[in-house]
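# Per-entry structural report
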Amino acid sequence: MQRNEKAQDSATGGVRRDAAVGANPARDKPWIFRTYAGHSTAAASNALYRTNLSKGQTGLSVAFDLPTQTGYDSDHALAKGEVGKVGVPICHLGDMRALFDGIPLGEMNTSMTINATAAWLLALYIALADEQGAPRGKLQGTTQNDIIKEYLSRGTYVFPPAPSMRLTKDVILFTTKEMPKWNPMNVCSYHLQEAGATPVQEIAFALATAIGVLDAVKASSQCADEEFGDVVGRISFFVNAGLRFVTEICKMRAFTELWDEITRERYGVRDPKQRLFRYGVQVNSLGLTEQQPENNVARILLEMLAVTLSKDARARAVQLPAWNEALGLPRPWDQQWSLRMQQILAYETDLLDYRDIFDGSPVIAAKVAELKAAAREELNHIEALGGTVAAVESGYLKQQLVESNSRRVEAIERGEQTVVGVNRFTETEPSPLAQAAGAVITVTSEAEAEQIARLSAWRENRDARAVAAALEGLSKAAKSGANIMPPSIACAKAGVTTGEWGAALRAAFGEYRAPTGVGTAMRNDAQGLDEIRAEVDRVSKKLGRRLKLLVGKPGLDGHSNGAEQIAARARDAGMEVVYDGIRLTADAIAAAACDKNVHVVGLSILSGSHLPLVHEVMARLKDNGAAGVPVVVGGIIPPQDARALKDAGVAEIYTPKDFALNRIMADLVRIVEAAADRGK
C-alpha cells in the first residue's frame, strides 16, 4: 500500500493539496481493499486470491462453504450438494495449505467469515503459519466469530448460545495473549440488516452482542484487569451500508460515538485508541436486483461512499459485492470491477486529503443524536430482558427482525419504497452483461467428488493414533472448561478433520435449534390481503379444511429471510403454516408433509444446491406416498435450472425478481386447487 501511495504522489508531480481548508496534515491511509471470495476447491480459490492480489487487492476475505461453516466434512450426508457452493471447503490442514499456497501468512491481512467453527478454522490457520515459520505475533486479520447474529440471520450456528459464547471468549483470550495484531471477533451487524434490521436495530443489536461478549470475558476471571483494555481494543465490527445514504453516514457516526461511550463508561477503558470503533464493511447485498442488474453498480458505489466519506467514522476495510451476485457466483472480472471502484475512490479522488467534511453540520448532528437515543432505548430493553443471550433464547431479537423485514417487503410491494427496475421504471433494454455467455460461475458436481476423494486420501495417510489422542485432548478441554484453542491447534497438526472436530464438540455441548421468529397469530395490521384471504377461505371450504402450507429449508443453507417472509405472509393470508426453521433433511421435510397432511410444500434454497436437494425432497415425498403434493421452489435459480426443475415436476419457481408476495400467495391457492381437482 505504501508503494501505491508513493506512486500516486509521483503521478501528481509531488504536489500535495494539504493547504486547502480542512485538509489533513498528511493524506489519510486508504482502507484495506478486499473482495469476499472462495468457491469449488482450495486450489481454485487460491488461484483467485493470487490473481486478485496481483491486481492491487491488499487483503483477503475468505468465504467458506456451508459444511465447513457448520462443522461437517465434505462427505457427510448433510453436505451433499453443498460442497464448494457458497465458499471454499476446508476439511483439514492439507486444504488450508492449498488455500494459501504461495501466500506468506506473516505478510497477509486475512479476514475469515466463520462463526460456529471459528476456533477450528483459526487453529488450522495458526498451524499453517507455524509451518511457514510466521511468528504468531505477526499474524494480522480477523475471525468473524459472532455467533449471536447466526441465531438471528445467517443460521450457521451449531451449539446452544452459552457454549457458543464460551468458544468466542476462548478465541478472544487466546489471541489477546498470543496474536496481539489479530482481531478475534468481528461483531457483525451486516447480516442483521440483510435480515431486515432498521438502522436503530442494527446499532443496538450489534452493540448488545459486543456487550454480551465483553461481559462474558470479564466474568470468566481469565483476563487480568490490566489486560482488559487490550481485549476491548481488538474487538472490531463488520457492518452493512444500505442505500439510504445520509442515514447510513449518520449510523456509522452514531456507532462510533456509542462505542466510545460504552467502552469508557461501562468498562472504564482509558486509552482512546482502545475505544476506537474499528470496522470493516460489505455493502448491502439484500438490495441487489435480478432485474436490470447493471443498476447494481450504482447502488454499490453509493453504498461505499456512505462508509468512506466521513473520516471520523470511516471503514478501515471494505469489500464490495459484484454487480451480478443476485444472478449467481461472480466471475473474476466482476470482482475486479468492484475492486477498481475502491481504488478509483482512494487514489483518483481527493477524499483522503481532508478532515471530516461533516463536522459542524446541524443536519448530520441531529440525525446522529436521534439514532443514538433510539439505540440506547433498545439497548436498555435488551438489558432488561437479561442480555443478548436471553434475548436470543426468548425469540425477541428474531421476532423483531422478521417484523421489520415484513414492513420493508410490504413497502416495496405497495410502491411506498421505490426500487428502480423492480417496482418503478421497469421498462428496459436487454442487458448485454447479464445475457453474456458465462455471466456467472457454476460450481460443477465434479468439484464435490474430487474434494471427497482428497478427503478420503487424507484420512488414509495420517497417523490414526495421533488423531485419536488429539481428539481426546479436545474433548477433555471442552468438558473441563479449558481454553479450546491449544487442543484445537494440536488437532489441526495431527490431521483431525473439520467433521471430527465438530463431532467432538457436538458430543460435549449438544446442538440447538433457534426460534424461527414466525408466530402463529395472524397480523391485524397486514394490508391488501382481503382478496387473498377470500380465496384462501373459498378453497379451504372446497378442501374441507384449512389450506395448509409447509415451508421447508433443506440442506445447510441458513439464509432464512425469504422463507420467513413467505411463512408470515401465508399466515396473514389465512393459511395454516408449518415452518420448523432451517437445516432440515429431505426425510424430515417429507415426513412432516405427510404427518401434517399439508396441501403444498414450499422449498427455499439460496446456496445454489437447488437441483440435488429438490430432487431428493421430491423422491422422499414419493417414498412416503405424497407424490401428489405439489412442490414450489424459491432461490437464486438460473433459467436453465428452473426449466430442469419444472421438467422434474416442480409446480412453480420463484427467484429474487418475484418480490410481490401476494401474487405468490395467489399462485399457491391456484396450485392447491388444481392439485385437488386432479385428485378427484
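Attention here is on the structure that accompanies the text. (Residues numbered from 1 in each chain as written. Predicted model: local features only at pLDDT ≥ 70, side-chain atom pairs only at ≥ 80, totals over all residues. Heavy atoms only, no water.)

## A few points about the pattern of salt bridges
Tallied over the entire structure, the rule returns 52 salt bridges. A salt bridge links Arg264 to Glu265, with the nearest nitrogen and oxygen atoms 3.4 Å apart. Asp677 serves as the salt-bridge partner of Lys542, at 3.1 Å between the closest nitrogen and oxygen. Pair noted here: Lys542 is in helix H22 (residues 530-543) and Asp677 is in helix H27 (residues 661-678), with a separation of 135 residues, a long-range link. Using a relative accessible area of 42% as the deciding quantity, one classes Lys542 as partly exposed. Linked by salt bridges that have partners in common, Lys646, Glu652, Lys657, Asp658, Arg663, Asp667 and Arg670 make up one network. (Salt bridge = Lys/Arg side-chain N within 4 Å of Asp/Glu carboxyl O. Helix = DSSP H or I, 4+ residues; strand = E, 2+ residues; numbered from the N terminus. Buried < 20%, exposed > 50% of the residue type's maximum accessible area, 1.4 Å probe, protein only.)

## Some remarks on helix H23 (residues 561-572)
Compared with an ideal rise of 1.5 Å per residue, which puts twelve residues at 16 Å, H23 spans 16 Å between its outermost C-alpha atoms and is within 8% of the ideal. Taking burial as the measure, the twelve residues of H23 include ten buried ones, the bulk of the element. Taken as a whole, H23 has its buried residues at Asn561, Ala563, Glu564, Gln565, Ala567, Ala568, Arg569, Ala570, Arg571 and Asp572. Of the residues trailing H23, Gly574 is marked for its positive phi of about 100 degrees. (Expected span 1.5 Å × (residues − 1).)

## Regarding the sheet that holds strand S6 (residues 182-183)
Sheet architecture is open: five strands sit in the order S2-S3-S4-S5-S6, paired in parallel fashion. Of all the strands in the sheet, just strand S2 (36-37) and S6 have a single pairing partner and so form its edges. Summarising the sheet, S2 and strand S3 (residues 60-63) pair through two bridges and their orientation is parallel. Pairing of Tyr36 across the sheet is with Ser61, part of S3. (Pairing = 2+ DSSP bridges.)

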